[in-house]
Amino acid sequence: MTIEFTRWPDALAQRYRERGYWLGLPLTDILQRQADRDVAAISDSISTLSYRQLDDKSDRLAAALQRRGLGAGDTALVQLGNVTEFYVVFFALLKIGVVPVNALFSHQRSELNAYASQIRPALLIADTHHALFAEHTLVAAFVEQHPSLRVTALRNAEDDAHSLAAWIAEEAGDFCASPTPADEVAFFQLSGGSTGTPKLIPRTHNDYYYSIRRSVEICRFDSQTCYLCALPIAHNYPMSSPGALGVFYGGGQVILATDPSAQVCFPLIEQHVITVTALVPPALTLWLQAMKEWEGHPSLDSLTLLQVGGAKLSETLAARVPQEIGCQLQQVFGMAEGLVNYTLLDDDPQRIFTTQGTPMCPDDELWVADEHGNPLPAGETGRLMTRGPYTFQGYYLSPEHNASAFDEQGFYCSGDLISLTDDGYVQVQGRLKDQINRGGEKIAAEEIENLLLRHECVINAALVSMPDNLMGEKSCAFLVTRSGFKPVQLRRHLRELGVAEFKLPDRFVRVERLPLTPVGKVDKKLLREKLIAQEQSISQEHTAPQGE
Ligand code: AMP
Ligand code: DBH
C-alpha cells in the first residue's frame, strides 16, 4: 500500500535517474552510512546520541511500532520540538514505511486537526510538554476526534503504556528495515500556504535525498561540521538545506537549541564550537544587537558560515554579517515544495549581499512569467515558475488548488515575484500569493480570515501584511463588524479555535467596508498602502518636535 501523489512525468523521471539525481535509495540510507560510528550525531540539552545510538534507538522504536501493528500504508501525525527524539522517530517511521507529517511545535489544535483530517493517521506521536497533550483527557479527546488513530506514544508520558521513551527502550529483536520504495512518498512536508486549509507536500525518498546531497555539496558540510539547529526542527530549511539531515549525511554533529535567541544560542556556539547555523532575518538582527549590548558575550569565533533565509534579507543587514560576526554569509531562498537557491561560498561578497542565490541543481528549470504566463527577460520582475528533480508536482489531495498552482508543463508557480540576473541569480522582489511572511513564519491570509469570520460580531475580514522593522512583516486584520470590539476578544476567539500563536493578527483595524478592486475582490494592495500611509503620518507626528 502506498500513498497517492502526483508523480513526475515519465520522461522527466527518466532524466532525473539518468543524471544521477534519483539514486533509488531510501532516506534511511543517510543514517545507514554512519550507523557503526560511535561519534556524536545529535545533542539537545538533555542527551547526546552517537550515530550508532541513533540507529539503534530508531530500530528499537521501529520494532516497537511494528509490534503494535503499524507498517507500510500507515501515516503518522508527529509533533515534537527541538529534541533528539525527533530524529529517532523520523528514522524509525521511515524504517517501517510509515509516512509522517511533522507538525511544528508552535502548531495548535486547528493545524493538527487540518493535518490529521487529510492524512487520517494511524499513529500519534506527541509531547506532554505541549499544551494540547498536557493531560490524559486532552490526549483522549484528540484521539476520539480522529478515529483513524490506533496507536499513541507520548514524550514525557506518565504511564509506560504510552511512553515514547519506554518504546525506544524495548528490544529490537531481529528487526529488519523495510522503507517504502524510493520513488514513493517518504513523508509530508508542510506548506506555508495561501489558502483556507494548511496544505501538505508529498516528498519522495528520491527527491528529498537528492536535495540533501546537493545541499551538502554546495555548503561543504562534512564530518567536521558542527551545526546549530536553532529554527524549528521540523521546518524544511533546518531539515534539509542542508540542515540536520545534511549534517548526518556528511557525518558531522547537530546541536539542538530550543529557540534562535542570542541568549540561548551564543553559549551553545562557544560550548560546542559550532561551525555553521541557519537563521531567519529577524534572528540575525537580534544577534547583531546582542553582540553590541552583551558585554563579554560568549565567543562566536568558531562560526565559519551563517545561512540566512526564509524571508527577504536586506543588503544592509547582509553586509553586517562578515563585518560584525566575522564569518561568511550564505543567502538561502527555499521552499518546502522543493526548489532551493543558494549563494555559493566562492561568490563575491556583493553578489552574496544582493541576491538570494541560484538554483542548486543544473536541472532546476526556473523562469519568470508575466501575468499572461509568457516568459520575461532577465532583469524584469514576474512570477517564479519552476520544475525539477526535487520540486513536487502537486499538493496532497488538492486537485483544485493544484490546477492553479501548476501550468500544463508541470511548472510550479510559487507565488513569489522575482527577477533573474543575467547569469541566473534570483532576486526576490515581492509576492503575489495571499500570504504574510512574519520573519520567516508564513501565514495564509485566508485561513485566518475564515477563523475570524466565525466570530459572531465579524461580518467581513481581510488579513494583510504591514511592514515591521524587526520581523519584516507583521499582520493586520481589517474588519467590518456588527458592533465595536476589543482586539483582546478576537485574539481570545482565535486562541479558542486553536490556531498557532504566530498567526494571531498583530493589529486589528475596524472599517465601515472593505475596499474592492474593479473585479470585486478585496483590494489588499490599497489596504496595505493605507497602513503604510498611517504609519508614516504617525512617525511624522513622533519626529516632529525634534525636526523643529
Ligand atoms: P514555505 O512554502 O512555507 O516553505 O515557504 C517558502 C516561501 O518562503 C518562499 O516561497 C518565499 O516566499 C519565502 N522565502 C524563503 N526564503 C526566502 C528568502 N531568502 N528571501 C525571500 N523569501 C524567502
Ligand atoms: O522558507 C522556507 O521554506 C525555506 C527557506 C530556506 C526552505 O524551505 C528552505 C530553505 O529549504
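Residues numbered from 1 in each chain as written. Chains lettered and ligands numbered in written order. Predicted model: local features only at pLDDT ≥ 70, side-chain atom pairs only at ≥ 80, totals over all residues. Heavy atoms only, no water.

The name recorded for the protein chain in an unreviewed UniProt entry is (2,3-dihydroxybenzoyl)adenylate synthase, from Rahnella inusitata.

J.: Go over the UniProt feature "domain: AMP-binding enzyme C-terminal" (unreviewed entry) in the protein chain with me, naming the residues and quoting the values.
T.: As annotated by UniProt and renumbered to match this structure, "domain: AMP-binding enzyme C-terminal" (unreviewed entry) occupies residues 447–521. Secondary structure within residues 447–521 divides into 23% helix and 33% strand; the distance between the first and last C-alpha atoms comes to 17 Å. (UniProt positions renumbered as here; feature names shortened; annotations may be inferred. Helix = DSSP H or I, 4+ residues; strand = E, 2+ residues; numbered from the N terminus.)

J.: Which residues make up the site of ligand 2, and what values do they have?
T.: In the vicinity of ligand 2, the residues found are His235, Asn236, Tyr237, Ser241, Gly310, Val332, Gly334, Met335, Ala336, Val340 and Lys442. At 2.7 Å, a side-chain N or O of Ser241 approaches an oxygen atom of ligand 2. Measuring from an oxygen atom of ligand 2, one finds a side-chain N or O atom of Lys442 at 2.9 Å. Starting from 290 Å² of accessible surface for ligand 2 in isolation, the protein chains cover 95%. For the shell around ligand 2, the secondary structure elements donating two or more residues are α9 (236–240) and β13 (328–335). For the shell around ligand 2, the class distribution of residues is 5 nonpolar, 5 polar and 1 charged. (Near = heavy atom within 4 Å. Polar contact = N/O pair within 3.5 Å; in protein donor to acceptor, adjacent residues only side chain to side chain. Areas by Shrake-Rupley, 256 points an atom, 1.4 Å probe, with all protein chains shown as cover. Nonpolar A, V, L, I, M, F, W, Y, C, P; charged D, E, K, R; others polar.)

J.: Describe the sheet that holds strand β18 (residues 412–420), with residues and values.
T.: Spatially, 4 strands are ordered β16-β17-β18-β19 in an open sheet, and the strand pairing comes out antiparallel. Both outer strands of the open sheet, β16 (365–369) and β19 (426–431), are each paired with one neighbouring strand and no more. For this sheet, the mean angle separating the axes of adjacent strands, direction not counted, is 50°. Judged from the 4 bridges that link them, strand β17 (residues 382–387) and β18 form a sheet pairing that is antiparallel. Paired with Arg383 across the bridge in β18 is Leu417. (Pairing = 2+ DSSP bridges. Axes fitted to C-alpha atoms, helices over the stretch in contact; angles between N-to-C directions.)

J.: Give a description of the packing of helix α11 (residues 262–272) against helix α12 (residues 281–293) that names residues and reports values.
T.: Running from N to C, α11 and α12 cross one another at 75°; their axes reach a closest spacing of 10 Å. The angle between the axes of α11 and α12 places the two elements in the roughly perpendicular class. Of α12, the residues touching α11 (which contributes Ala262, Cys265, Phe266 and Ile269) are Trp287, Ala290 and Met291. Residue classes in the contact of α11 with α12 are distributed as 7 nonpolar, no polar and no charged. (Parallel < 35°, antiparallel > 145°, perpendicular 65-115°, else oblique. Contact = heavy atoms within 4.5 Å.)

J.: Report on the site of ligand 1, specifying residues and quantitative values.
T.: Taken together, 18 residues lie near ligand 1, and Val332, Ala336, Asp416, Lys433 and Lys442 sit nearest. Here Val332 contributes a backbone N or O atom positioned 2.8 Å from a nitrogen atom of ligand 1. When ligand 1 is considered free in solution it has 500 Å² of accessible area, and contact with the protein chains removes 95% of it. Ranked by residue count, the leading element in the shell around ligand 1 is β13, at 4 residues.

J.: Go over the layout of surface pockets with me, naming the residues and quoting the values.
T.: Empty space left among the atoms is revealed by rolling a probe the size of a water molecule over them. By volume, the second largest pocket amounts to about 270 Å³. Taken together, 13 residues form the lining of the second largest pocket, with Ser47, Thr84, Glu85, Ala165 and Ile168 sitting closest to its centre. Secondary-structure elements contributing two or more residues to the lining of the second largest pocket are α4 (85–95) and α7 (164–169). Counted by class, the lining of the second largest pocket contains 6 nonpolar, 3 polar and 4 charged residues. (1 Å grid on protein atoms, 1.4 Å probe; cavity = no way out; pocket = protein on both sides within 12 Å on 5 of 7 lines; lining within 4 Å. Points joined across faces, edges and corners; volume = space filled by probe spheres on them.)

J.: Give a description of the sheet that holds strand β2 (residues 48–50) that names residues and reports values.
T.: Backbone-to-backbone hydrogen bonds join strands into a sheet, with any given pair of strands oriented parallel or antiparallel. Spatial strand order, β2-β1-β10-β9-β11-β12-β13-β14-β15: 9 strands in an open sheet with mixed pairing. Looking along the sheet, the strands with just one partner apiece sit at the ends: β2 and β15 (358–359). In the sheet, strand β1 (residues 40–43) pairs with β2 via 3 bridges, with the strands oriented antiparallel. Residue pairing for β2: Ala40 is matched across the bridge by Ser50. The sheet strands contacting helix α10 (residues 243–250) are β1, β9 (226–229) and β10 (253–256), and the helix crosses β10 at an angle near 150°.

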